[in-house]
Each structure stands twice: as C-alpha cells, then as structure tokens.
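Descriptive analysis of the structure
If you want the building blocks of each chain, they are given just below.
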Amino acid sequence: DGYAVVASDGPGEYPIITESRAGNDGVDVTVTPGTVAYVTTGGPIPEGADAVVQVEDTELIPSGSIEGKRVRILTQTSKGADIRPVGCDIEKDAVVLKSGERLGAAEIGLLATVGLMIVKVYPSPTIAVLSTGDELVEPTTGYLSRGQIRDSNRAMILAAAAQQKCKVVDLGIVRDDEEKIERILDSAFSAGVDILITSGGVSMGDRDFVKPLLEKRGKVYFHKVRMKPGKPLMFAEIIPESPKDGTENKILAFGLPGNPVSCLVCFHLFVLPTIRLLAGWANPHLPRVHVRLKRSIKTDPVRPEFHRAIIRWEVNDGSGVPGFVAESTGHQMSSRLLSMKSANALLELPASGSVISAGTSVTAIVFSDFSSFSLNKSSVSPELSCATQGGATPEVTADDSRGSEFRVALLTVSDTVASGAGPDRRYSNFCYLLDHSS
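Not measured: the values here are computed from a predicted model.

Cut-off values and rules
Residues numbered from 1 in each chain as written. Predicted model: local features only at pLDDT ≥ 70, side-chain atom pairs only at ≥ 80, totals over all residues. Heavy atoms only, no water. Helix = DSSP H or I, 4+ residues; strand = E, 2+ residues; numbered from the N terminus. Buried < 20%, exposed > 50% of the residue type's maximum accessible area, 1.4 Å probe, protein only. Areas by Shrake-Rupley, 256 points an atom, 1.4 Å probe, with all protein chains shown as cover. Core = buried A, V, L, I, M, F, W, Y, C linked by side-chain atoms within 4.5 Å. Contact = heavy atoms within 4.5 Å. Salt bridge = Lys/Arg side-chain N within 4 Å of Asp/Glu carboxyl O. Axes fitted to C-alpha atoms, helices over the stretch in contact; angles between N-to-C directions. Parallel < 35°, antiparallel > 145°, perpendicular 65-115°, else oblique. Left-handed = near helix turned anticlockwise from the far one by under 90°. Nonpolar A, V, L, I, M, F, W, Y, C, P; charged D, E, K, R; others polar. Pairing = 2+ DSSP bridges. pLDDT = per-residue confidence, 0-100. Phe/Tyr/Trp six-rings, centres within 6.5 Å; stacked < 30°, edge-to-face > 60°.

**A word on the overall build of the protein chain**
- Looking only at helices and strands, the protein chain features nine helices and 21 strands.
- Each of the 438 residues in the protein chain was classed as buried or not, and the buried ones make up 36%.
- Split by element, the accessible area of the protein chain, about 25800 Å² in all, is 53% carbon and sulfur.

Written out as structure tokens, the structure reads:
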C-alpha cells in the first residue's frame, strides 16, 4: 500500500484527494501536482499519478476533518516507481501455454489469470494389472501353506500406476493355467484398457503362458533385456478383436518379471515413461543426475546394472565441492524388496565385472523425491547451521495423528477479487497444491 504521487513533487505535505482500492475507485479523480491518492496493493493508479510512495515512507498527519486528510511524504521517488503497467506480466498476443506443456500449480494460475476454466488435456491411460503364478495368494492370507507367497507385485504396481494418476483395473491373481489366463486377457482387451501389465509367466518355463498368448493376439517386440535386475521383460502390441468404440486402438502390454525388485525396476524404466508419453508429456523419461559413490561397488560382468541407492545432496560430495552422493541400499538380490524400500534412485553401472571405487562419479536415474529422507549433518550448509547455534533448541511435540484426515481452510483477502474486478488465482493454485500433497 502507499500513495500515488507526481514524482517531481518530491518530499512534503500533501492533501489526500481520493482512495483507490479496487475496481472503479477513484476513476473520475485526477492526481495533479501538489496532491496524492491513497492506493492499495493491486489497486488501479489514478490518472495523473506517475509513481507510488510506499506507506512505510510516509506519515499520516492527524486531522479532525474526515475530508481534509493530509500525508507527509518522506522520500524522493522516481517516475514509474512501484507501478506495474497494465500488460507487463502478460503482453498482448503472448502465448501463455503450448500444447504438450504439463499443467502444474503455476500453469493453472496462468489459466485463471486469463480467465480460462476449461482446457483440453490428454486423458490419463487406463491400466490393467494381472499377477500370474500357482504360488501366489492374496495379501490378506493369514497363514501361508508350503510353497505359497503373498502377492506383493500386484499391490505394488497398482499403487505405482495410481501415483501417476492412471485409472487402474485390478485383474487379480490367476494360476498358471493357459485357458484361464487367456480368458482374463481377452476380457481385459475388450474392456478398453490402454496398457496391460502382467507379473510373472514371461520366462522360459513350460508353464509360462503369457508370452505365447500375447503372440496370438499381437506382436511381441522383445522378451529379454540385457539388464540387471529385469532380464525376463516382455513388450507387445495388441489389437483388440472387437474394440468397444469401433476404433482400432492398440494396447501396449508389458510382461514384468515375477521377482518383486525386477518388477518395480522395470516399471520405472519402461512402463512409467510409456504412461507419461500417452499422457502427453514432451519428455517422459525419469531425470538423471551425476552422483559420487560413498562406497565402492562391484559390477556385474555380463549385464548393465540398475543398482538401488539412496542419493542426497551434501555440501561436500567427497571432491571438495557440493553435489549428490549415493549410498547403496545393501544386498541387491532381485527378490529382496527391502532394497527398494528406502531407495530413490537407480545407479547406472556398466557391465565390466570390475570394482567402481568410492568417490567415482556415476549416473543415477531418480525415481522418487527426497522429501522422505533425513539429512546428514554434512548435508546442511555451514551458513544455515550457524543460524541455530547459541540459541535454545525449540521443543517439538509430535501428535500421533496418523490415519486422520486433515481439513484445510483457504481464504482470499482482496478487495479486487471480492468486488469481481479480478480473478482469484490463489484458489486454483492452492487447490492444485493441496491435491498433490495429499
């Protein structure tokens, strides 16, 4: 807030001739030399004024008359100071958003600014998930018989697909029975799904039926990949015999390995970019960063490895400069899902059979954020840590409210918005952020 002035007037005492708070306030009033107008942040500048002096640089002169308000301007200002010309944020004919750009909080705020409440977007793909295997039972099974394991892959992939805002179809568990698998696959193909994900049944065993069944329905492009983990990975394109809408939409089918770690790694590297591509992302691949190893790692002699690791930013990455460092999550056995639990990246290690020394820089594919990982003391800059030294450590009490639902109230305080003279950009932005923080 402040006072609209004629900049050349300079410091001194001036009468306040009008107030401009929102909408048409002060529309018929002209600020002339020797007069000022009170303006609020975001309010229109009255005619004649060419600068604004912030209220902190003024003193209101006490007066018994309501109409005779005066103010003392304490500083010299310059023409254009604290005034934003109409159109300075978005120029006429400027392109605000282009096709293929992802809608985040800022983009939704821009749409609200220009008054667009509806835009065309790419639909989220529909994904069907099926687990195969005689050994599998539902996670709700209390007692496991000999040779049984609970189906972790299906729950894991359904959750991973839901995190990408996909519509998911749970096809359940099917035993290693060719007729039953074929019947379930046919029902999925006719249901209009975009992506089919199976877990297990894609290796070379005599009861691995998924690959031959998909070959009957479409084209299998590959069924082995030289990588670790995830060698028995299959990809196929399927054309439904009788699509629901009459169009010939291809279904993309991924046969993920049965081992849980292999299954999830292949999802991140192959399925997730496919989901993003179908959803319109211009760059669907996961980001890569350079990291330095905290400890040495032995590489596989035959297959390139995607080593599960925790990466974090440290002030000294071991080379004397700030950077990312990576620490292995331990034993990398493809059945050991614990190696994925705390990981946020996959280290790309070449097939050399040699030992990569600690401190070596390697590439890491980041598949999770850093919000759930605690920082080491070495992760905090000395400039930041010194601000807390010498003061009392604040006491933090944690309320055990896990599982409870939080309600957030949102209030916009604005004369402009309340009068209908401007859009409420805050509402759409905060609703987006709250939705994506839940």
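**What to know about the nonpolar core**
- Of all hydrophobic cores here, the largest spans 34 residues; its most connected members are I127, I157, I197, L256, V265 and F267.
- The set of elements that each furnish at least two residues to this core consists of β7 (126-132), α2 (152-163), β11 (195-199), β14 (251-256) and α5 (260-278).
- Among the elements that take part in this core, α5 stands out by supplying 10 residues, more than any other.
- Aside from chain neighbours lying at most four places away, what touches I127 is A161, C166, K167, V168, V169, I195, I197 and I275.
- By size, the runner-up hydrophobic cluster in this structure holds 21 residues, among which are L130, F189, V210 and V220.

**Thoughts on the pattern of salt bridges**
- As enumerated under the stated definition, the model contains 18 salt bridges in all.
- Note that R175 and D134 form a salt bridge whose closest N and O atoms lie 3.8 Å from each other. Of this pair, R175 sits in the loop between β10 (167-174) and α3 (178-190) while D134 sits in the loop between β7 and β8 (136-137), and the two are 41 residues apart along the sequence.
- Note that D170 and R154 form a salt bridge whose closest N and O atoms lie 2.6 Å from each other. Of the two residues, D170 sits in strand β10 while R154 sits in helix α2, which places them 16 residues apart along the sequence.
- For D170, a relative accessible area of 44% gives the class partly exposed.
- The class for R154 is buried, based on a relative accessible area of 8%.
- Each of E138, D151, R154 and D170 takes part in one network of salt bridges that share partners.

**Focus on the packing of α2 against α5**
- With their axes 10 Å apart at the nearest point, α2 and α5 run at an angle of 20° to one another. Comparing their axes, α5 and α2 come out roughly parallel. As for how α2 packs across α5, the hand of that crossing is right-handed. When α2 is examined against α5, the residues S152, N153, M156, I157, A160 and A161 are found in contact with a partner set consisting of P260, C263, L264 and F267.
- Residue composition of the contact of α2 with α5, grouped by class: eight nonpolar, two polar and no charged.

**Some remarks on the sheet that holds strand β5 (residues 58-61)**
- Strands sit in the order β4-β1-β3-β2-β6-β5 across an open sheet of six strands; the sheet is mixed. Of all strands in the sheet, those bounded by a partner on one side alone are β4 (51-54) and β5. Pairwise comparison of adjacent strand axes, ignoring direction, gives a mean angle of 40° for this sheet.
- Judged from the four bridges that link them, strand β2 (residues 12-20) and strand β6 (residues 70-73) form a sheet pairing that is antiparallel. Across the sheet, the residue bridging to P15 is R70, located in β6.

**Focus on the side chain of K211**
- Inspection of the secondary structure assignment puts K211 in helix α4 (residues 210-217).
- Assessed through its relative accessible area of 18%, K211 is described here as buried.
- The residues contacting K211, other than those within four sequence positions of it, are G201, V220, H223 and M234.

**So, the confidence of the model for the protein chain**
- When pLDDT is averaged along the protein chain, the result is 87; 85% of the residues meet or exceed 70.
- Here residues 382-399 is modelled with pLDDT under 50, and outside its nearest four sequence neighbours on either side it reaches two contacts, counting other chains as well.

**Describing the packing of aromatic side chains**
- Under the definition given, this model contains six aromatic pairs.
- Centre to centre, the rings of F235 and F254 are 5.1 Å apart; their planes meet at 45°, and the pair counts as tilted. Highlighted residues: F235 in strand β13 (residues 234-238) and F254 in strand β14, separated in sequence by 19 residues.
- In this structure F235 comes out as buried when scored by relative accessible area, which is 16%.
- Every member of this aromatic cluster is reached through a ring pair, and the members are Y221, F222, F235, F254 and F270.

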